[in-house]
Structure formats: structure tokens, C-alpha cells
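# Structural overview
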Amino acid sequence: MSENPLILPLIQDGTGHLYTSAHDVSALLRRLGAEWSGWSGTGVRPVLDGPTVDVLVQALHGLADQIDVQCIDRRSTTEGSE
């Protein structure tokens, strides 16, 4: 496991709902993938099957990419309407 803890900054609104930025979520997904790859590559978690971990890491990166693209699209649409 990494020396640095995985931290997701949260903001609470007046009604108690918690929010975080999409950038932080996609960064967290990428960091989890890197952690998992490190575990299987170094034998820290020898029960992890390398090819399976690779597929899971690719899925996390794909989700992070999808979040990033949606945010870019949203920002482009919002900025274009001003």
C-alpha cells in the first residue's frame, strides 16, 4: 500500500449532502489502479492474478476517462452558452 493515504476532499452543503469534484474522483480511480498494479507486480498481494488486475485497472482508467470527457463536454457546453 502507498505511503500516502487515499483522500477524497468532500464539501458539505447546507442540507448535509456531500460533494466532491469530478477531477478528484477520476484522480482517485487512477490512483487505485496504480495501487492495484503495484500490488500484483511486486507480489505484495500474491493472490492477485496479474491479468485480472490489468483488466480491472483498465476498467478504472476507462471510467476515469469517461468522467473527464463528460466534464470537458459539460464545461465546453457551459462556456459556449455565455
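These numbers come from a predicted model, not from an experiment.

Turning our eyes to something else, we now look at the overall build of the chain. Secondary structure assignment for the chain yields 2 helices and 2 strands. N-terminal to C-terminal, the α/β element order of the chain is β-β-α-α. Looking at the chain residue by residue over its 82 residues, the buried ones come to 12%. Of the roughly 6200 Å² that the chain leaves accessible, carbon and sulfur atoms contribute 60%.

A contiguous nonpolar surface patch, about 270 Å² in accessible area, is contributed by Leu-8, Leu-10 and Leu-18. Judged by its relative accessible area of 51%, Leu-10 is exposed.

A few words now on the environment of Ala-59. Checked against the element boundaries, Ala-59 lands in helix 2 (residues 50-80). Residue Ala-59 is classed as partly exposed on the basis of its relative accessible area, which comes to 47%. C-alpha separation for the pair Ala-59 and Gly-33, spaced 26 residues apart in sequence, amounts to 8.9 Å.

Counted by the stated rule, this structure contains 3 salt bridges. Among the ionic pairs, Arg-30 bridges to Asp-65, the shortest N-O distance being 2.8 Å. With Arg-30 in helix 1 (residues 22-42) and Asp-65 in helix 2, this pair connects stretches of sequence that are 35 residues apart. Judged by its relative accessible area of 40%, Asp-65 is partly exposed. For Arg-30, a relative accessible area of 25% translates into the label partly exposed. In this structure, a network of salt bridges that share partners links the residues Arg-30, Asp-65 and Asp-68.

This part covers the environment of Ala-34. For Ala-34, the location among the structural elements is in helix 1. A C-alpha to C-alpha distance of 9.7 Å links Ala-34 and His-61, two positions 27 residues apart in sequence.

Another point: the side chain of Ser-26. For Ser-26, the location among the structural elements is in helix 1. On the accessibility criterion, Ser-26 (3% relative accessible area) is buried. Within the structure, Ser-26 has its side chain in polar contact with the backbone oxygen of His-23 (distance 3.1 Å). Setting aside chain neighbours within four positions, we find Ser-26 in contact with Ala-64, Ile-67 and Asp-68.

Thresholds applied
- Residues numbered from 1 in each chain as written.
- Predicted model: local features only at pLDDT ≥ 70, side-chain atom pairs only at ≥ 80, totals over all residues.
- Heavy atoms only, no water.
- Helix = DSSP H or I, 4+ residues; strand = E, 2+ residues; numbered from the N terminus.
- Buried < 20%, exposed > 50% of the residue type's maximum accessible area, 1.4 Å probe, protein only.
- Areas by Shrake-Rupley, 256 points an atom, 1.4 Å probe, with all protein chains shown as cover.
- Patch = residues over 30% accessible without salt bridge, like charges linked within 9 Å, V, L, I, M, F, W, Y side chains within 5 Å.
- Salt bridge = Lys/Arg side-chain N within 4 Å of Asp/Glu carboxyl O.
- Polar contact = N/O pair within 3.5 Å; in protein donor to acceptor, adjacent residues only side chain to side chain.
- Contact = heavy atoms within 4.5 Å.

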